[in-house]
Amino acid sequence: MSQVATAPRTQATTKPVNTGRLAINIILYIILIAFTLLYLSPLLWMLVTAFKPDFEASAWPLNWIPQNPTTEAFNTILNSSQAPVFRWFLNSLIAASAQTLLILVTASLAAYPLARMKFPGKGFIFAIIVSTLFIPPVIFLIPNYLIVDKLGWLDTLWALIVPGAAGAFGVFFLRQFFMSLPYELEEAAFLDGANRLQTFWQVVIPLSGSALATLAVLSFLNNWNDFLWPVYVIFTPSNFTLQPGLSILQGAYTTHYPVIMAGGIFATIPVLILFIIAQRYVVEGVAQSGLKG
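Residues numbered from 1 in each chain as written. Predicted model: local features only at pLDDT ≥ 70, side-chain atom pairs only at ≥ 80, totals over all residues. Heavy atoms only, no water.

(A) Region of the structure containing the side chain of Asn91. With respect to the helices and strands, Asn91 occurs in helix H4 (residues 85–116). Asn91 sits in the buried class, given a relative accessible area of 5%. Not counting chain neighbours up to four residues away, the residues in contact with Asn91 comprise Leu157, Ser238, Asn239, Phe240 and Thr241. (Helix = DSSP H or I, 4+ residues; strand = E, 2+ residues; numbered from the N terminus. Buried < 20%, exposed > 50% of the residue type's maximum accessible area, 1.4 Å probe, protein only. Contact = heavy atoms within 4.5 Å.)

The structure is reproduced here in structure tokens:
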């Protein structure tokens with residue numbers, strides 16, 4: 001009895017293409033690209049205008065591509081003694097960085113006991129801190145000005161650094177994050193002989209990188225974009241930060257748009273770099289801070 005060897009039959013299987021889903025994805029990508037270009041258009045317009053001469057920047061009809069590109073606007077703001085944009089840039093960088101560091105220190109030290117320790121009146125203290133978030137910041141303008149004046153900090157960078165270094169938002173934000181951390185980690189540290197401060201510094205802080213990075217970005221941007229407070233406490237042009245400094249580039253009778261746009265580029269670049277570097281930490285910090293209320 002002979003056996004006939006039969007080769008296994010293979011059948012090519014093809015996955016059907018879902019044309020409906022493909023069309024929806026294409027439409028969604030087109031919409032996302034359109035919104036991206038819409039949001040980027042002011043930045044692109046600022047960039048191209050900075051390389052235009054004055055007559056072309058105010059010409060009609062408007063054109064996106066400079067016909068006679070020039071770096072005259074950048075030369076003006078970098079070499080002008082009346083508008084030291086680079087000095088303003090350094091002032092803004094120093095003030096924003098120093099205040100951000102102070103906020104991280106004060107907010108974390110205040111948020112930890114409110115999240116992890118038990119003491120009389122903790123709920124009432126936290127309620128008072130959170131209630132200040134509902135007060136318009138302009139209410140504190142005159143009291144802060146009087147305090148800064150008594151301390152002799154008017155027309156100095158100290159006036160831009162210290163007054164906003166103890167904010168309620170940072171305390172609230174970090175408290176929510178600290179409450180989401182497992183308490184077993186701290187108990188293990190206590191069993192090893194660590195005290196509260198050692199546990200805070202060696203256990204809690206290393207686990208809070210995303211929340212601290214998020215608070216750092218928000219605090220830096222808040223100080224960097226501040227306009228009203230520096231106008232009140234800084235009087236010497238060389239001590240200006242970027243936001244009030246750029247406002248004086250607009251003349252009373254003429255407006256040099258390329259110069260203003262070039263200054264705007266200096267104000268935008270650090271913000272974009274900071275967002276690109278810290279984007280992942282910001283998303284993680286916001287998500288984890290809302291895990292437990």
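Picking up where we left off.
(B) Highlighting the nonpolar core. By size, the foremost hydrophobic cluster in this structure holds 31 residues, and its most contacted members are Trp224, Val233 and Leu242. Each residue touching Leu242, except ones within four places of it in the same chain, is listed here: Val85, Trp88, Phe89, Ser92, Trp224, Phe266 and Ala267. Counting residues in hydrophobic clusters, the runner-up holds 23 residues, among them Leu104, Phe126, Leu174 and Phe200. (Core = buried A, V, L, I, M, F, W, Y, C linked by side-chain atoms within 4.5 Å.)

(C) View of a nonpolar patch on the surface. Where nonpolar side chains cluster on the molecular surface, the patch consists of Ile135, Val138, Ile139, Phe140, Phe227, Leu228, Val231 and Tyr232 and spans about 690 Å² of accessible area. Mapping Phe140 onto the fold places it in the loop between helix H5 (122–131) and helix H6 (141–151). (Patch = residues over 30% accessible without salt bridge, like charges linked within 9 Å, V, L, I, M, F, W, Y side chains within 5 Å. Areas by Shrake-Rupley, 256 points an atom, 1.4 Å probe, with all protein chains shown as cover. Salt bridge = Lys/Arg side-chain N within 4 Å of Asp/Glu carboxyl O.)

(D) Inspection of unusual backbone geometry at higher detail. Residues other than glycine seldom take positive phi values, yet Asp155 does so here, at roughly 65 degrees. The class for Asp155 is buried, based on a relative accessible area of 19%.

(E) Representation of the environment of Val171 in the model. Relative to the helices and strands, Val171 is located in helix H8 (residues 168–179). When the C-alpha positions of Val171 and Ile103 are compared, they lie 9.1 Å apart, and in sequence the two are 68 residues distant. Once you skip the residues sitting within four places of it in the chain, Val171 turns out to touch Ala107, Ala110, Ala111, Leu114 and Ile129.

(F) Up close: the packing of H4 against helix H10 (residues 196–207). For the pair H4 and H10, interaxial distance at closest approach is 12 Å and the crossing angle is 100 degrees. The angle between the axes of H4 and H10 places the two elements in the roughly perpendicular class. Every residue of H10 that contacts H4 at Ser108, Leu109, Tyr112 and Arg116 is listed here: Arg196, Thr199, Phe200, Val204 and Ile205. (Axes fitted to C-alpha atoms, helices over the stretch in contact; angles between N-to-C directions. Parallel < 35°, antiparallel > 145°, perpendicular 65-115°, else oblique.)

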